[in-house]
Amino acid sequence: MLKSALKATILFALIAVTAYLAFYYAPIEKSMGVIQKIFYLHISCAFSAFVAFGTCFYANLRYVFTRAPKSDWLAVSAAEVGLAFISVVLITGPIWAHPVWGIWWTWDARLTLTFVLGLLYVSYLLLRSMIEEPDKRALFSALFGIFAFLDVPLVYFSIRWWRTQHPQPVILGGPGSGLEPRMRVSYLLMWGALTGLLILLLSARYKLEALRASVDDLRREAEVR
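Residues numbered from 1 in each chain as written. Predicted model: local features only at pLDDT ≥ 70, side-chain atom pairs only at ≥ 80, totals over all residues. Heavy atoms only, no water.

Caption draft 1: How the structure looks around the packing of aromatic side chains. With the rule as written, the count across this model stands at 18 aromatic pairs. For the pair Trp105 and Trp107, a centre-to-centre distance of 5.4 Å together with 75° between the ring planes defines the contact as edge-to-face. For Trp105, a relative accessible area of 26% corresponds to the partly exposed category. An angle of 55° between the planes, with centres 6.3 Å apart, marks the rings of Tyr121 and Tyr124 as tilted. Placement of the pair is Tyr121 and Tyr124 together in helix H4 (residues 109-130), with a separation of three residues, close to one helical turn. (Phe/Tyr/Trp six-rings, centres within 6.5 Å; stacked < 30°, edge-to-face > 60°. Buried < 20%, exposed > 50% of the residue type's maximum accessible area, 1.4 Å probe, protein only. Helix = DSSP H or I, 4+ residues; strand = E, 2+ residues; numbered from the N terminus.)

So, in structure tokens, the structure goes:
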């Protein structure tokens, strides 16, 4: 318990430092002004969500081939954490878009696919809640989770494949793209801090799922007796 509290304290201190860097160390973007500062949270949460959904995809695949309960625990844990991060993306996006585009939302390729991504993982969790038998629940949700992950590369590559309202990539976008050095440092540190938060949340959620599975096993044993 003490170790977990210490890790959480260090992590939140790091997040506070990266927030300070984003607001005061990174320069103000010329065309968008101060509102561009939301970029550091918005993009970092998006990439952290991709990491979580990638973990969920791996765990689902592993469950399909091994039927190991631990893989199912990891999958649902990663799905819930990823959904939290993608929700932040869907909230901060319109806050950034309104002053810059003059609209809160538009149904372009990236925004629509990101919204669908959130719905897919909500559906994944709802599917789990509707199936009581543990093995069947784990298998059906694993198959659905594998399908749901297909939207992640679509979201990432959408602005490369289609013309959208969303800006062209400034990270890994090819010639002419990239961030000013202080912006790049602030972004990378912010992403690192949020990835640390992701790991902390995933670890806690995994332990909760393992405990829940143990309680369910004890309940079934008691019913049999």
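Caption draft 2: How the structure looks around the side chain of Thr114. Turning to its location among the elements, Thr114 is positioned in helix H4. A distance of 2.7 Å separates a polar side-chain atom of Thr114 from the backbone oxygen of Arg110. What Thr114 contacts, discounting residues up to four positions off in sequence, is Ile86, Val89, Leu90 and Val155. (Polar contact = N/O pair within 3.5 Å; in protein donor to acceptor, adjacent residues only side chain to side chain. Contact = heavy atoms within 4.5 Å.)

Caption draft 3: Quick peek at the pattern of salt bridges. Under the criterion given, the structure shown has four salt bridges. Two residues, Arg205 and Glu80, come together in a salt bridge whose shortest N-O distance is 2.6 Å. Taken together, the positions of Arg205 in helix H7 (residues 181-224) and Glu80 in helix H3 (residues 69-101) put the pair 125 residues apart, joining distant regions of the chain. Exposure remark for Glu80: the relative accessible area of 32% places this residue in the partly exposed category. Across the pair Glu209 and Arg205 runs a salt bridge whose closest N-O atoms are separated by 2.9 Å. With Glu209 and Arg205 both in helix H7, this residue pair falls four residues apart, about one helical turn. Of the two residues examined, Glu209 and Arg205, each falls in the buried class. Salt bridges sharing partners connect three or more residues here, namely Glu80, Arg205, Glu209 and Arg212. (Salt bridge = Lys/Arg side-chain N within 4 Å of Asp/Glu carboxyl O.)

Caption draft 4: Layout of the nonpolar core. Counting 46 residues, the largest nonpolar core has Tyr40, Phe53, Phe85, Leu117 and Tyr121 as the members making the most contacts within it. When contributions to this core are tallied by element, the ones reaching two or more residues are helix H1 (2-25), helix H2 (39-66), H3, H4, helix H5 (134-149), helix H6 (151-161) and H7. When residues of this core are assigned to their parent elements, the largest contribution, twelve residues, is made by H2. Ignoring sequence-local partners within four residues, the contact set of Phe85 consists of Cys45, Ser48, Ala49, Leu194, Leu197, Leu198 and Leu201. (Core = buried A, V, L, I, M, F, W, Y, C linked by side-chain atoms within 4.5 Å.)

Caption draft 5: Representation of a nonpolar patch on the surface. A cluster of nonpolar residues, Leu154, Phe157, Trp161 and Trp162, forms a patch on the protein surface that exposes about 400 Å² of accessible area. Examined against the element boundaries, Trp162 turns out to sit in the loop between H6 and H7. (Patch = residues over 30% accessible without salt bridge, like charges linked within 9 Å, V, L, I, M, F, W, Y side chains within 5 Å. Areas by Shrake-Rupley, 256 points an atom, 1.4 Å probe, with all protein chains shown as cover.)

Caption draft 6: Molecular detail of unusual backbone geometry. Phi at Arg67 takes a positive value of approximately 60°, unusual for a residue other than glycine. Assignment of secondary structure puts Arg67 in the loop between H2 and H3.

Caption draft 7: Region of interest: the packing of H5 against H6. Relative to each other, H5 and H6 sit at 10°, their axes nearing to 5 Å. When the axis of H5 is compared with that of H6, the two are roughly parallel. Mapping the contact onto sequence places Phe147, Ala148 and Phe149 in H5 and Asp151, Val152 and Pro153 in H6. Across the contact of H5 with H6, the residue classes tally to five nonpolar, no polar and one charged. (Axes fitted to C-alpha atoms, helices over the stretch in contact; angles between N-to-C directions. Parallel < 35°, antiparallel > 145°, perpendicular 65-115°, else oblique. Nonpolar A, V, L, I, M, F, W, Y, C, P; charged D, E, K, R; others polar.)

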